[in-house]
Structures are given as C-alpha cells and as structure tokens.
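Understanding the architecture of this molecule
The primary structure of each chain is shown beneath.
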Amino acid sequence: MDASHIATILDRPASRELLARDIMRLAYVAADGTPRNIPIAFTWNGAQIVACTTKNAPKLPSLRRNPQVALTIDTEVHPPTILLLRGRAELDVVDGIPDEYLQMNGTYQMTPEQRLEWEAEVRSLYDGMVRIVITPTWAKLIDFHTTLPSAVQELVEQREARRASR
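Structure report, in brief. Keep in mind that this is a model prediction, so the values were computed, not measured.

The rules behind these values
- Residues numbered from 1 in each chain as written.
- Predicted model: local features only at pLDDT ≥ 70, side-chain atom pairs only at ≥ 80, totals over all residues.
- Heavy atoms only, no water.
- Core = buried A, V, L, I, M, F, W, Y, C linked by side-chain atoms within 4.5 Å.
- Buried < 20%, exposed > 50% of the residue type's maximum accessible area, 1.4 Å probe, protein only.
- Helix = DSSP H or I, 4+ residues; strand = E, 2+ residues; numbered from the N terminus.
- Contact = heavy atoms within 4.5 Å.
- Pairing = 2+ DSSP bridges.
- Axes fitted to C-alpha atoms, helices over the stretch in contact; angles between N-to-C directions.
- Phe/Tyr/Trp six-rings, centres within 6.5 Å; stacked < 30°, edge-to-face > 60°.
- Polar contact = N/O pair within 3.5 Å; in protein donor to acceptor, adjacent residues only side chain to side chain.

1. With respect to the nonpolar core
Membership of the largest hydrophobic core comes to 23 residues, with the highest contact counts inside it found for Met-24, Ile-49, Val-69, Leu-71, Ile-73, Leu-83 and Ile-134. Elements represented by at least two residues in this core include exactly α1 (3–10), α2 (13–19), β1 (23–29), β4 (49–53), β5 (68–74), β6 (82–95) and β7 (128–142). With sequence-adjacent residues up to four places away left out, Ile-49 is seen in contact with Leu-19, Met-24, Phe-42, Thr-43, Trp-44, Leu-71, Ile-73, Leu-85, Ile-132, Val-133 and Ile-134. Ala-41, Val-50, Ile-97 and Leu-102 belong to the second largest nonpolar core, which has 10 residues in total.

Next comes the structure, spelled out in structure tokens:
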C-alpha cells in the first residue's frame, strides 16, 4: 500500500477520531513464536504512532527480533468503527520520561493534585523508557457505513450480483 493511500485513509474524520483515543491493541510475535495482542496507551504525532514502555518490558526482545506489528484502534459501540494498521516498530531507548508518555496519559480524568502525584510517581520509578515508534505501512478503516470488512464486502457484492441476474 502506498503512502498517499495510507494518508488518505488516516485523514478521514473517523480515522482522526480513532487516532485521538487513549488505547490501542498492539499485536506482535512473542519470543516463543506465538502471537501476543496487548492494550497499550499511544499518541499519534501526525505521521507515526508512538507508545512508551519500560526498558525491561517482555515485548521488547520480541520486537527487536521481529519488528512487524499490527494495531487495532476501535470504539465500543455498535456498529463499531475500527482502524486497522500495520507497520514496523522502531525502538528508541530514552533517558527520563518521554513527552509522549506524559501526553498519552494526560487524557485520563485526574484532578490537578492527582496529576501531580501521578507524574511524581512516574518520574521516581522510571530512569528511562523505550519509545515504540510505528510508521503505518498499511491501513484500513471499517465504519460499517462506507467501508466493510473485506469478507463482508465480498458477500455484499455476491448478493448484488445474484439480485442483478434475476
């Protein structure tokens, strides 16, 4: 999938709303060869998804071995709106707390006092983190109004062909 097609999908209003959410699911292949799918906070910087994790997170050796990932960001209503992404995870070890980590955790409802306590705790716990930076190489938006899962779209087309041949 070329970059302009991905950009067109990610620029749709529904995609922009999903990219502004707090949590995505990150799928990757674990060290034992089995799949993993984990919820993780993220932020969208306009070109890349950025997630942050501890330097000792079990997912890091797996992502170093096989950086190919799949992401899902969706809603909890019916019909859901779903953004599916694929890409390659680049790992960036940083000292201190990345700004993105503080951003992505800033949307939770906290009083100003709770926010200060949370941030102080984070800064006392982590001497550094790993930024997981993913540039989308494939994207699909499913909204069940203008776009459907490919298998469902195929069934719709088959049904329409049957109706047209009657």
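2. Looking at the sheet that holds strand β2 (residues 35–41)
With respect to topology, 7 strands assemble into an open sheet ordered β2-β1-β5-β6-β7-β4-β3, the strand pairing being antiparallel. One side of each edge strand has no neighbouring strand; the edge strands of this open sheet are β2 and β3 (43–44). By the bridge criterion, 14 bridges tie β6 to β7 in an arrangement that is antiparallel. Along β7, the bridge assignment pairs Leu-85 with Ala-139. Sheet strands touched by α1: β3, β6 and β7. Its angle to β7, the strand with the most contacts, is close to 90 degrees.

3. Considerations on the packing of aromatic side chains
On inspection of all chains with the given rule, the structure shows 2 aromatic pairs. Between Tyr-101 and Trp-118 the ring centres are 6.0 Å apart and the planes differ by 25 degrees, which places this aromatic pair in the stacked class. In this pair, Tyr-101 is assigned in helix α4 (residues 99–104) and Trp-118 in helix α5 (residues 112–125), connecting sequence segments 17 residues apart. On the basis of relative accessibility, which here comes to 13%, the residue Tyr-101 falls in the buried class. Overall, Trp-118 belongs to the partly exposed group, its relative accessible area being 21%. For the ring pair Tyr-101 and Tyr-126, a centre distance of 6.2 Å and an interplane angle of 75 degrees mean the geometry is edge-to-face. Pair noted here: Tyr-101 is in helix α4 and Tyr-126 is in the loop between α5 and β7, with a separation of 25 residues, a long-range link.

4. With respect to the pairing of β7
Of all 15 residues making up β7, 11 are buried, and the element is well covered by its neighbours. Pairing of β4 with β7, which is carried by 5 bridges, proceeds in the antiparallel orientation. In the sheet register, Thr-53 faces β7, and the bridge partner there is Val-130.

5. Thoughts on the environment of Lys-59
On the secondary structure map, Lys-59 appears in helix α3 (residues 59–65). Once the C-alpha coordinates of Lys-59 and Tyr-126 are considered, the two residues, 67 residues apart in sequence, prove to be 17 Å apart. If sequence neighbours within four positions are ignored, Lys-59 has contacts with Leu-26, Tyr-28, Ile-38, Ile-40, Thr-53 and Ile-132. Only 3.2 Å separates the side chain of Lys-59 from the side chain of Thr-53, close enough to count as a polar contact.

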